[in-house]
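Structural overview for review
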Amino acid sequence: MTKRIAVLASGRGSNFQAVIEAIAARRIPATCVALITDNPKAYALERARKADIPVIVLDYASFPSREAYESALLAAMQQQKADLFVLAGYMRILGTAIVQAFPRKIVNIHPALLPSFTGLHAQRQAVAYGVKVAGCTVHFVDENLDCGPIILQKCVPVLRDDDEDSLAGRILTEEHTCYPEAIRLFCEDRLEITGRIVRIH
Ligand code: GRF
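Below is a short write-up of the structure. (Residues numbered from 1 in each chain as written. Predicted model: local features only at pLDDT ≥ 70, side-chain atom pairs only at ≥ 80, totals over all residues. Heavy atoms only, no water.)

1. Topic: the pairing of strand β6 (residues 133-140)
- Across the eight residues of β6, seven count as buried, placing the element largely inside the fold.
- Looking at chain direction, strand β5 (residues 106-110) and β6 are connected through four bridges and run antiparallel. For Ile109, the partnering residue across the bridge sits in β6 and is Val138.
- Examined bridge by bridge, β6 and strand β7 (residues 150-157) share seven bridges and lie antiparallel to one another. Looking at β7, one finds that Val138 is bridged to Leu152. (Buried < 20%, exposed > 50% of the residue type's maximum accessible area, 1.4 Å probe, protein only. Helix = DSSP H or I, 4+ residues; strand = E, 2+ residues; numbered from the N terminus. Pairing = 2+ DSSP bridges.)

2. Side note on the packing of aromatic side chains
- In the structure shown here, the tally under the stated rule is five aromatic pairs.
- Ring pairs connect the aromatic residues Tyr60, Phe63 and Tyr69, which therefore count as one cluster.
- The aromatic ring of Tyr60 is capped on one face by Arg92, whose charged end is 3.5 Å from the ring centroid.
- When the ring centre of Tyr69 is taken as reference, the NZ or CZ atom of Arg92 above it lies at 6.0 Å. (Phe/Tyr/Trp six-rings, centres within 6.5 Å; stacked < 30°, edge-to-face > 60°. Lys NZ or Arg CZ within 6 Å of the ring centre and 35° of its normal.)

3. Considerations on the packing of helix α1 (residues 14-24) against helix α6 (residues 164-187)
- One way to put it is that α1 packs onto α6 with a least axis distance of 9 Å and a crossing angle of 50 degrees. Judged by the inter-axis angle, α1 sits oblique to α6. Handedness of the crossing formed by α1 with α6: right-handed. Side by side, α1 and α6 meet where Ser14, Asn15, Ala18, Val19 and Ala22 of the first sit next to Leu172, Glu175, His176, Tyr179, Pro180 and Ile183 of the second. (Axes fitted to C-alpha atoms, helices over the stretch in contact; angles between N-to-C directions. Parallel < 35°, antiparallel > 145°, perpendicular 65-115°, else oblique. Left-handed = near helix turned anticlockwise from the far one by under 90°. Contact = heavy atoms within 4.5 Å.)

4. Concerning the layout of surface pockets
- Size it by volume and the largest pocket reaches roughly 960 Å³.
- Contributions of two or more residues to the lining of the largest pocket are made by α1, β5, α5 (122-129) and α6.
- When residues of the lining of the largest pocket are assigned to their parent elements, the largest contribution, five residues, is made by α6.
- Across the lining of the largest pocket, the residue classes break down as 15 nonpolar, 13 polar and eight charged. (1 Å grid on protein atoms, 1.4 Å probe; cavity = no way out; pocket = protein on both sides within 12 Å on 5 of 7 lines; lining within 4 Å. Points joined across faces, edges and corners; volume = space filled by probe spheres on them. Nonpolar A, V, L, I, M, F, W, Y, C, P; charged D, E, K, R; others polar.)

This is the structure in structure tokens:
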């Protein structure tokens, strides 16, 4: 069965592009039914238009409060009748009402090997800490930041002369295969979740 997925992105959308391409190549048995963004200037919008994916722009700055934005976002998400919501560089923390409305139906990619280096600037945190291995994590979204059950992780070395940008680039290359792969597993109904453990069938 082809799944319906909707993507939330705030910026350049290179992970969104990787998902678009994996769907086009039939590596993911899904249709991307919408791109939802909080940022009318997001480059992800261009990518959606080129791929004929409908866009929903909820300009955060145009809402009187966070609550008003979140309720519009919840309504937009409900309209999609999506099997899965994919956060691809979506730069806001989802409110509890949204997370609870879609249990185990929202995934995120984080540019670190969780549970290390949650939050912003994960690659900068990794360089500053001096770790020798870094990477990315695809996980389900729960009420806590960068904390839900882990689906896949990929690692990369941290090289002696790395700075935040060089490490981020190396991690991003892995993100572009890891995220489509995790979404494929979800869409093929191959993920079994027990507590916070995800088993792949
Ligand atoms: C990626 O590094 C992702 O891990 C993080 O935000 C960044 C988004 O990049 N959540 P892009 O918009 O997909 O290019």
